[in-house]
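Residue-level listing of the chains:
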Amino acid sequence: MTRTIIGFVLVGLALLALAFMPTQLGAYGVGLLLGMTGYVTLASAWALFSGPTRYISLATVAFFGIGAYTVAVLSEAMPYPLVLVTAGLIGLGVALVVGLATLRLAGVYFVIFSFGLAELVRQLVTWYEVNVTGTLGRYIFLPISATEIYWQLLGLAAITLLIGWWISRSRIGLALKVIGDDETVAAHTGIDISRVKLALFAISATIITLVGAIQAPRWTYIEPAIVFNPTVSFLTVIMALLGGANRLWGPMLGAIPLFLLFEWLSANFPNHYSIILGLMFIAIVFIVPRGVVALAEDLFKRARRKEAAQ
Amino acid sequence: MTQLLEITGLKKQFGGLTAVNDVSFSVGEGEIAALLGPNGSGKTTVLNMISGALSPTAGTIALAGERISHLAPHRIAHKGVSRTFQLVKILPSLTVAENVVAALAFRRDPLWGSRATERAHELLAEVGLAGRGGEHADDLTYIDQKRMELARALAAEPRLLLLDEWLSGLNPTELRVGIDLIVSLRDRGMTILLVEHIMEAVRALCSRAVVMNVGNKIAEGPTAEVLADPVVISAYLGEGHA
Ligand SMILES: Nc1ncnc2c1ncn2[C@@H]1O[C@H](COP(=O)(O)OP(=O)(O)OP(=O)(O)O)[C@@H](O)[C@H]1O
Ligand SMILES: [Mg+2]
């Protein structure tokens, strides 16, 4: 109990310090911080669903893009907070429909489907914009500064981690472990597997949609190719897997170094970027399949055992 | 005696193979019944259809007069059916106590928190695993894993308990304890349908037996009579011995 309280106090202090960071940084620094916080949130939200269920979702950018487009379409029509709520609800609605239709698919089919979904949404939006609206891109003029976007993302990141913490201690968290161990046993102990998966998918997708919505004003001009860029999905997966999708802090610990690395790579090797991304993906899956956090825990345990044996 | 489980015209096909063919029988409330038959005769497949692990190709299963066939397994569990598996199924990433807590947390009237932990330890003590709750399920011996699996099945306080060769692999002393445990469950009012190859246990426990052979029911009745039936003996020993 006291450990939990100390943990919360420490996290609270860290958040406070992070919230003050923009005052110490220039525009470039704030931009970096904003992008990094966005990916920490994406990776953590992705892991809420994909960590315990082991479904690798490549639909991240579908929801991210839906969030961004909702803001682009509605930002003139309603007050900003309401736009965010609407975006979240649209993301939730799409997630429930998609989840009901696909969560029965076996692993590899789900990966392909989720990738297809992102492409499908992108093509639909493109078709609509070209044929109905008559223009491809949209402008977003919202008086929201980079620092304000960063604060919102920081808040969302904190909420995401809080949800992850709460889940791990709740009945739904136990249900997820049981499902991960053996679905037959899970069903026979009374767990409604599809409902648990659907709930997780919906929570995760809603947060991802909100990340897209919150980040949208940053672009000023958006078009499908920008906000539905599949690289976002791949980056999210790699970050979460590197850190460890089954640990609360894992995705964050993967997202921070990889975000900085990819910023540097895209600035210095723009032409080889996708190849490097692909190679890293393979390397992570083969070398640290459960993530560095789990690996560190294993090493730590082994060291302790050795000590105990001596 | 009122019937708790009623199976009518049950059939299961796997592609071209008919694993269970037009099987009907019922189990009375508070009774221990045996489902017997040589290897591959379709016993486990029948249990799988009762618990919802497989859905029947045809036929119906009713629990206390209510049709449960074609319900999802978690719904059937909530109606009061629990089981153990022929190849023991543990939750390897959890502790022994957590394996049982999982079943307590998702039963019809869920237990959670310290009450669930307490109840899990009681159940473990009942199956002979007192004080072992903190161990990893993975580290248990095969027999202890079977005990844990029974505690998990009992956690739901089932009306109908399905045991698939739960006694096999026990040594004579353990078998005695196992038989006494099953009797004590029946004395508490639980209805039990068990699949078993150990005839000594079947004779000691079961008032009635149903015998299957290559998917068909070939005999049903009081255990002693059924086991003396020439049709049953020849099914077990092969043709030519009858
Ligand atoms: N999921 C499945 N898919 C295909 N065939 C199956 C499946 N399950 C069982 N069978 C087949 O159905 C038949 C009956 O199998 P079942 O496991 O019910 O027999 P059993 O009576 O439990 O045998 P044992 O005493 O060896 O456990 C066998 O021929 C088996 O190979
Ligand atoms: Mg069997």
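Just above, that's the structure.
Conventions we followed
- Residues numbered from 1 in each chain as written.
- Chains lettered and ligands numbered in written order.
- Predicted model: local features only at pLDDT ≥ 70, side-chain atom pairs only at ≥ 80, totals over all residues.
- Heavy atoms only, no water.
- Helix = DSSP H or I, 4+ residues; strand = E, 2+ residues; numbered from the N terminus.
- Rg over C-alpha atoms; globule rule 2.2 N^0.38 Å.
- Buried < 20%, exposed > 50% of the residue type's maximum accessible area, 1.4 Å probe, protein only.
- Areas by Shrake-Rupley, 256 points an atom, 1.4 Å probe, with all protein chains shown as cover.
- Lys, Arg positive; Asp, Glu negative; His and termini not counted.
- Charge placed at Lys NZ, Arg CZ, Asp CG, Glu CD.
- Near = heavy atom within 4 Å.
- Polar contact = N/O pair within 3.5 Å; in protein donor to acceptor, adjacent residues only side chain to side chain.
- Nonpolar A, V, L, I, M, F, W, Y, C, P; charged D, E, K, R; others polar.
- Axes fitted to C-alpha atoms, helices over the stretch in contact; angles between N-to-C directions.
- Parallel < 35°, antiparallel > 145°, perpendicular 65-115°, else oblique.
- Contact = heavy atoms within 4.5 Å.
- Core = buried A, V, L, I, M, F, W, Y, C linked by side-chain atoms within 4.5 Å.
- Pairing = 2+ DSSP bridges.

Across its full length, chain B holds 9 helices and 10 strands. Its C-alpha atoms give chain B a radius of gyration of 18 Å, near enough to 18 Å, the size a compact globule of 242 residues would have. If you line up chain B on its principal axes, its C-alpha atoms span 55 × 40 × 35 Å. Expressed as a percentage of the 242 residues in chain B, the buried residues total 53%. Element-wise, carbon and sulfur atoms account for 51% of the exposed surface of chain B, whose accessible area totals about 10,000 Å². Within chain B, the 27 negative side-chain charges are centred at a point lying 5 Å from the centre of the 23 positive side-chain charges.

We now examine the site of ligand 1. All names here are of chain B. Taken together, 13 residues lie around ligand 1, and Gly40, Lys43, Thr44, Thr45 and Gln86 are the ones closest in. In the environment of ligand 1, an oxygen atom lies 2.7 Å from a nitrogen or oxygen atom belonging to the side chain of threonine 44. At 2.5 Å from an oxygen atom of ligand 1 is found a side-chain nitrogen or oxygen belonging to threonine 45. Relative to its free-state accessible area of 630 Å², ligand 1 is covered by the protein chains to the extent of 63%. Broken down by secondary-structure element, the contributors of at least two residues to the shell around ligand 1 are β2 (17-28) and α1 (43-51). In terms of residue count, α1 provides more of the shell around ligand 1 than any other element does, 3 residues in total. Of the residues that constitute the shell around ligand 1, the class distribution is 3 nonpolar, 8 polar and 2 charged.

Turning next to the packing of helix α2 (residues 27-53) of chain A against helix α9 (residues 193-215) of chain A. Residue and element names in this part refer to chain A. Packing of α2 against α9 leaves a shortest axis separation of 8 Å and a crossing angle of 170°. Classed by the angle they form, the pair α2 and α9 counts as roughly antiparallel. Residues Leu34, Gly38, Thr41, Leu42, Ala45, Trp46, Leu48, Phe49 and Thr53 of α2 touch α9, and the partners they reach there are Lys197, Leu200, Phe201, Ile203, Ser204, Ile207, Ile208, Val211 and Gln215. In terms of residue class, the contact of α2 with α9 is made up of 12 nonpolar, 5 polar and 1 charged.

Our focus in this paragraph is the nonpolar core. Within the largest apolar cluster, 147 residues are counted, with the highest numbers of intra-cluster contacts made by A:Ile191, B:Leu161, B:Leu167, B:Ile182 and B:Leu194. In contact with A:Ile191, not counting residues within four places along its chain, are A:Ala175, A:Val178, A:Ile179, A:Ala186, A:Val196, B:His74 and B:Phe106.

Once that is clear, we can look at the sheet that holds strand β10 (residues 216-222) of chain B. Residues and elements named next belong to chain B. A sheet is described by the order of its strands in space; here 6 strands give the open sequence β6-β7-β8-β3-β9-β10, paired in mixed fashion. The open sheet has two free edges, formed respectively by β6 (81-83) and β10, since each of these has just one partner strand. Sheet twist, expressed as the average angle between the axes of neighbouring strands with direction ignored, equals 20°. Pairing geometry for strand β9 (residues 208-213) and β10, over 6 bridges, is antiparallel. Directly across from valine 211, in β10, lies its bridge partner alanine 219. Sheet strands in contact with α1 are β3 (32-36), β6, β7 (160-164), β8 (191-195) and β9, and its direction is about 150° off that of β7.

Let us now look at the environment of A:Val111. Residue and element names in this part refer to chain A. On the secondary structure map, valine 111 appears in helix α5 (residues 107-133). Since its relative accessible area comes to 24%, valine 111 is described here as partly exposed. C-alpha of valine 111 to C-alpha of glycine 180: the two residues are 69 residues apart in sequence and 17 Å apart in space. For valine 111, the contacting residues outside a window of four places in its chain are Ile56 and Leu58.

Residue and element names in this part refer to chain B. With antiparallel pairing, 4 strands are arranged side by side in an open sheet as β2-β1-β4-β5. Strands at the two margins of the open sheet, each flanked by one partner only, are β2 and β5 (66-67). Pairing of strand β4 (residues 58-63) with β5, which is carried by 2 bridges, proceeds in the antiparallel orientation. Across the sheet, residue leucine 63 finds its bridge partner in β5, namely glutamate 66.

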